[in-house]
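# Examining the three-dimensional arrangement
The chain contents come next:
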Amino acid sequence: MVVVISGPSGVGKTSVVKRLLEDKRFVLSVSATTRAPRRGERNGVDYYFVSEDEFKRMVERGELLEWAVVFGHHYGTPKSELERASDESKILILDVDVQGVEQLRAKNLEGVYIQIRPPDEEELRRRLKGRKTESETELQMRLKKAAYELSRKELFDHFVVNDILDKAVARIKNIIENAFKEKKNGPCKGSLKNRKTE
Ligand code: ADP
Ligand code: 5GP
């Protein structure tokens with residue numbers, strides 16, 4: 001069982017995931033990407049930074065569990081990340097866009113699917129701008145996609161508004177713990193029902 005985290009760019013997924021990873025029960029699924037590293041990002045830790053050719057080879061060799069083109073770059077989850085987490089007996093956290101979530105759902109990957117939502121559009125814009133990692137054009141592209149991503153509610157079991165980071169992280173941990181308790185207590189029944197924002 002895995003934890004799938006998704007949400008618009010700038011909503012705070014990386015910040016949330018970093019906090020979750022302080023809990024040693026969790027491990028991050030390190031994606032392959034063709035985008036350039038941002039300041040401070042490390043190869044093999046934040047992403048596997050690969051060339052277009054290398055990414056293409058990974059696809060051809062069937063090494064990716066899912067992959068998509070997001071904001072003009074390729075991103076994909078290596079299947080080996082699932083094995084690594086399983087070997088280490090850890091809970092794997094995947095941070096993927098909606099196309100990735102669609103593919104994981106189509107594969108019936110068992111997990112808890114959480115969408116992180118911004119308090120409002122203005123705050124999302126403020127956070128993205130404040131991060132200062134994208135050009136104005138890239139920023140517009142990310143904001144344009146946000147509305148579409150937020151409309152794909154059917155893909156998720158839980159919704160968490162990232163208002164105050166501490167609170168959002170606590171809600172997410174609570175969701176994960178409950179999902180694991182449910183799993184232990186019997187088969188996962190219709191987790192898509194009774195969806196609510198926490
Ligand atoms: P994502 O990974 O979803 O693109 P980031 O984690 O990079 O988003 O966060 C985008 C920006 O918003 C960062 O500058 C981060 O420090 C800030 N941020 C994240 N969560 C919050 C929050 N709850 N309140 C205010 N700022 C936040
Ligand atoms: P960023 O460039 O800001 O790190 O990520 C951009 C988008 O790509 C985010 O929405 C993030 O969730 C998504 N992403 C990161 N890794 C993957 C992946 O392996 N697969 C898919 N489908 N999306 C990913």
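As the structure is a computational prediction, the values presented were derived from the model and not from experiment. (Residues numbered from 1 in each chain as written. Chains lettered and ligands numbered in written order. Predicted model: local features only at pLDDT ≥ 70, side-chain atom pairs only at ≥ 80, totals over all residues. Heavy atoms only, no water.)

### Observations regarding the packing of aromatic side chains
The final tally for this structure, using the stated rule, is four aromatic pairs. With a centroid separation of 6.0 Å and an interplanar angle of 75°, the aromatic rings of F55 and W67 are classed as edge-to-face. Remark: W67 occurs in strand β5 (residues 64-70) and F55 occurs in helix α2 (residues 52-60); sequence separation between them is 12 residues. Taking relative accessible area as the criterion, F55 reaches 1% and is therefore assigned buried. The partly exposed category is assigned to W67, whose relative accessible area is 33%. (Phe/Tyr/Trp six-rings, centres within 6.5 Å; stacked < 30°, edge-to-face > 60°. Helix = DSSP H or I, 4+ residues; strand = E, 2+ residues; numbered from the N terminus. Buried < 20%, exposed > 50% of the residue type's maximum accessible area, 1.4 Å probe, protein only.)

### As for the environment of D95
Structurally, D95 can be placed in strand β7 (residues 91-95). By relative accessible area, which is 24% here, D95 ends up partly exposed. Along the backbone, D95 and G12 are 83 residues apart, and their C-alpha atoms lie at a distance of 11 Å. In this view, D95 contacts I5, K13, T14 and S31; residues no more than four positions away in its chain are not counted. (Contact = heavy atoms within 4.5 Å.)

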